[in-house]
Amino acid sequence: MAGPRVEVDGSIMEGGGQILRVSTALSCLLGLPLRVQKIRAGRSTPGLRPQHLSGLEMIRDFCDGQLEGAEIGSTEIMFTPEKIKGGVHTADTKTAGSVCLLMQVSMPCALFAACPSELRLKGGTNAEMAPQIDYTAMVFKPIVEKFGFTFNCDIKMRGYYPKGGGEVIIRMSPVKQLNPINLTDRGSVTKIYGRAFVAGVLPFKVAKDMAAAAVRCIRKEIRDLYVNIQPVQETKDQAFGNGNGIIIIAETSTGCLFAGSSLGKRGVNADKVGIEAAEMLLANLRHGGAVDEYLQDQLIIFMALASGISRIKTGPVTLHTQTAIHFAEQLAKAKFTVKKSEDEEDVSKDTYIIECQGIGMTNPNL
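Residues numbered from 1 in each chain as written. Predicted model: local features only at pLDDT ≥ 70, side-chain atom pairs only at ≥ 80, totals over all residues. Heavy atoms only, no water.

Participant: What am I meant to see in the sheet that holds strand β11 (residues 227–234) here?
Facilitator: The sheet built from 4 strands is open, its strands ordered β11-β10-β13-β14 with mixed pairing. Of all strands in the sheet, those with a lone pairing partner are β11 and β14 (257–263), marking the two edges. Going from strand to strand, the sheet's axes swing by 15° on average, the running direction of each strand aside. Bridging between strand β10 (residues 189–199) and strand β13 (residues 243–252) involves 10 bridges; their strand directions are antiparallel. Residue pairing in the sheet places Lys191 in a bridge with Glu251 of β13. Against the sheet, helix α4 (residues 133–144) contacts β10, β13 and β14, and its axis sits at roughly 165° relative to β14. (Pairing = 2+ DSSP bridges. Helix = DSSP H or I, 4+ residues; strand = E, 2+ residues; numbered from the N terminus. Axes fitted to C-alpha atoms, helices over the stretch in contact; angles between N-to-C directions. Contact = heavy atoms within 4.5 Å.)

Quick look at the structure:
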């Protein structure tokens, strides 16, 4: 099955872990032998970090592939995929590396496996520079399932920076193919809800303060909706270590979902964390898109694999999204166009339509 190696430059565009995730997932799905060079070349700690390594090893095991150069600090890997198999796969970052990013790399592969998969992902569930598991469960899941599959996300244990120690189990069955999606009608905001949590030694008052500050901030801009943010104390059997954070979700009349979230850091007061999440949500509601800035890039690989034309309306196209499109075109040969939205209500806004002619990937095992 092995053809010529596809060469990927890991230092261009986003220049980080995302290039690795998108290119190895596509390599696994399409049976393309891959070489990635200059991995994270411009980062302060170049090369593979523990979380990248655990993602690569998981993909290797997923398809009985061969992986060379996979060690901490390595800036070049070679990957030769074989047939994708389902079953139980474990990935442990051994750090607070994000379980949500591990899921991003493995989920497309699980969809085209020979049998159902159980992904046991260990690391940080609510980590900086990555989606929080609440985002995955409350926003990513209902939207990505529009491609015509379902998955179950079981949060066994939450884990925070710097210790990690979280565990999430994803269960899913393979599909014959993916349906295209059309997320272009934003509708009007009908509800706003969320959760503000504390875990470990942090007092419950911190959760209440984050929630109250977020509600006040949203009220200034959106006056006619009840904003329901629940403060939550995570118990010892649900959370490992200390942490605090908040996620706020806006739902629209057409079923679109937007989020703003923030994590507490040492020395940052609770109000500030709440306000940061609220402002992120409000910014995501201002641009007129039908998906928020974090969903954009996560949908690209599914659009590329789907059968038919997918369209999503977005705010400004992020560097992560541009990177995902670049590699989906290079490796999967999907065709994307990004155009400014011409709808009347979007004239004054920075709104775009991302359109993709998917490759119509079919599962050879089904």
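Participant: When you look at the UniProt feature "active site" (unreviewed entry) in the protein in this model, what are you seeing that I'm missing?
Facilitator: With numbering matched to this structure, UniProt assigns "active site" (unreviewed entry) to His320. For His320, the position within the fold is in helix α8 (residues 319–332). Beyond its immediate sequence surroundings of up to four residues, His320 is in contact with Glu14, Gln18 and Asp297. (UniProt positions renumbered as here; feature names shortened; annotations may be inferred.)

Participant: Any chance you could explain the packing of helix α5 (residues 204–221) against helix α6 (residues 270–286) here in plain terms?
Facilitator: The angle between the axes and the distance between the axes are what describe a pair of packed helices. α6 packs onto α5 with a crossing angle of 35° between their chain directions and a minimal axis gap of 7 Å. The chirality of how α5 crosses α6 is right-handed. Two secondary-structure elements touch here, α5 through Val206, Asp209, Met210, Ala213, Ala214, Arg216, Cys217, Ile218 and Glu221 and α6 through Ala270, Asp271, Val273, Gly274, Ile275, Ala278, Glu279, Leu281, Leu282 and Arg286. Its residues assigned to classes, the contact of α5 with α6 shows 12 nonpolar, 1 polar and 6 charged. (Left-handed = near helix turned anticlockwise from the far one by under 90°. Nonpolar A, V, L, I, M, F, W, Y, C, P; charged D, E, K, R; others polar.)

Participant: Is there a simple way to explain the side chain of Asp292 in this structure?
Facilitator: Its location among the elements puts Asp292 in the loop between α6 and α7 (293–305). The side chain of Asp292 is buried and forms no salt bridge, while Arg186, the nearest opposite charge, is found at 10 Å. Within the structure, the side chain of Asp292 is placed 2.6 Å from the side chain of Tyr135, a separation counted as a polar contact. At 3.0 Å, the side chain of Asp292 and the backbone nitrogen of Ala259 are in polar contact. (Buried < 20%, exposed > 50% of the residue type's maximum accessible area, 1.4 Å probe, protein only. Lys, Arg positive; Asp, Glu negative; His and termini not counted. Salt bridge = Lys/Arg side-chain N within 4 Å of Asp/Glu carboxyl O. Polar contact = N/O pair within 3.5 Å; in protein donor to acceptor, adjacent residues only side chain to side chain.)

Participant: Help me understand the packing of aromatic side chains, please; the structure alone is not making it clear to me.
Facilitator: For any pair of aromatic rings, the description consists of the separation of the ring centres together with the inter-plane angle of the planes. What the rule picks out here adds up to 6 aromatic pairs. Ring geometry for Tyr160 versus Phe197: centroids 5.6 Å apart, planes at 20°, classification stacked. With Tyr160 in the loop between β7 (151–159) and β8 (166–172) and Phe197 in strand β10, the pair connects residues that are 37 residues apart, well separated along the chain. Residue Tyr160 shares its accessibility class with Phe197, and that shared class is buried. Members of the aromatic cluster, joined through ring pairs, are Phe140, Phe147, Phe149, Phe151 and Phe302. (Phe/Tyr/Trp six-rings, centres within 6.5 Å; stacked < 30°, edge-to-face > 60°.)

Participant: What's the story with unusual backbone geometry in this structure? I'm lost.
Facilitator: Outside of glycine, negative phi angles account for most residues, and trans bonds account for most peptide bonds. Note that the residue after Tyr161, namely Pro162, is joined by a cis bond; omega there is 0°. Within the secondary structure, Pro162 is located in the loop between β7 and β8. Positive phi is not limited to glycine here, since Lys38 has a value of about 55°. Note on placement: Lys38 falls in the loop between β2 (34–37) and α2 (50–62). In this structure, Lys94 takes a positive phi of about 60° despite not being glycine. Taking the relative accessible area as the measure of exposure, Lys94 reaches 69% and is therefore exposed.

Participant: When you look at the UniProt feature "domain: RNA 3'-terminal phosphate cyclase insert" (unreviewed entry) in the protein in this model, what are you seeing that I'm missing?
Facilitator: The UniProt entry lists residues 184–285 under the feature "domain: RNA 3'-terminal phosphate cyclase insert" (unreviewed entry), expressed in the numbering used here. Secondary structure over residues 184–285 splits into 33% helix and 37% strand, and the C-alpha atoms at its two ends are 14 Å apart.

Participant: Explain the nonpolar core to me, please; I cannot follow it from the model alone.
Facilitator: Taken as a class, soluble globular proteins show a tendency for nonpolar side chains to be buried jointly. The biggest cluster of nonpolar side chains holds 110 residues, and the ones touching the most others in it are Phe149 and Leu299. Of all the elements, helix α3 (residues 99–111) adds the most residues to this core, at 9 residues. Discounting residues that sit within four places of it in the chain, Phe149 has contacts with Met107, Leu111, Val144, Met172, Val175, Leu178 and Phe302. Counting 6 residues, the second-largest nonpolar core is a separate cluster that includes Tyr160, Phe197, Ala239 and Leu263. (Core = buried A, V, L, I, M, F, W, Y, C linked by side-chain atoms within 4.5 Å.)

Participant: Could you clarify how one ought to interpret the pattern of salt bridges in this entry?
Facilitator: Going through the model one piece at a time under the given rule, you end up with 25 salt bridges. Between Asp154 and Lys156 there is a salt bridge whose closest N-O contact spans 3.0 Å. For Lys156, a relative accessible area of 42% gives the class partly exposed. Via salt bridges that share partners, Glu118, Arg120, Asp154, Lys156, Glu167 and Arg171 belong to a single interconnected network.

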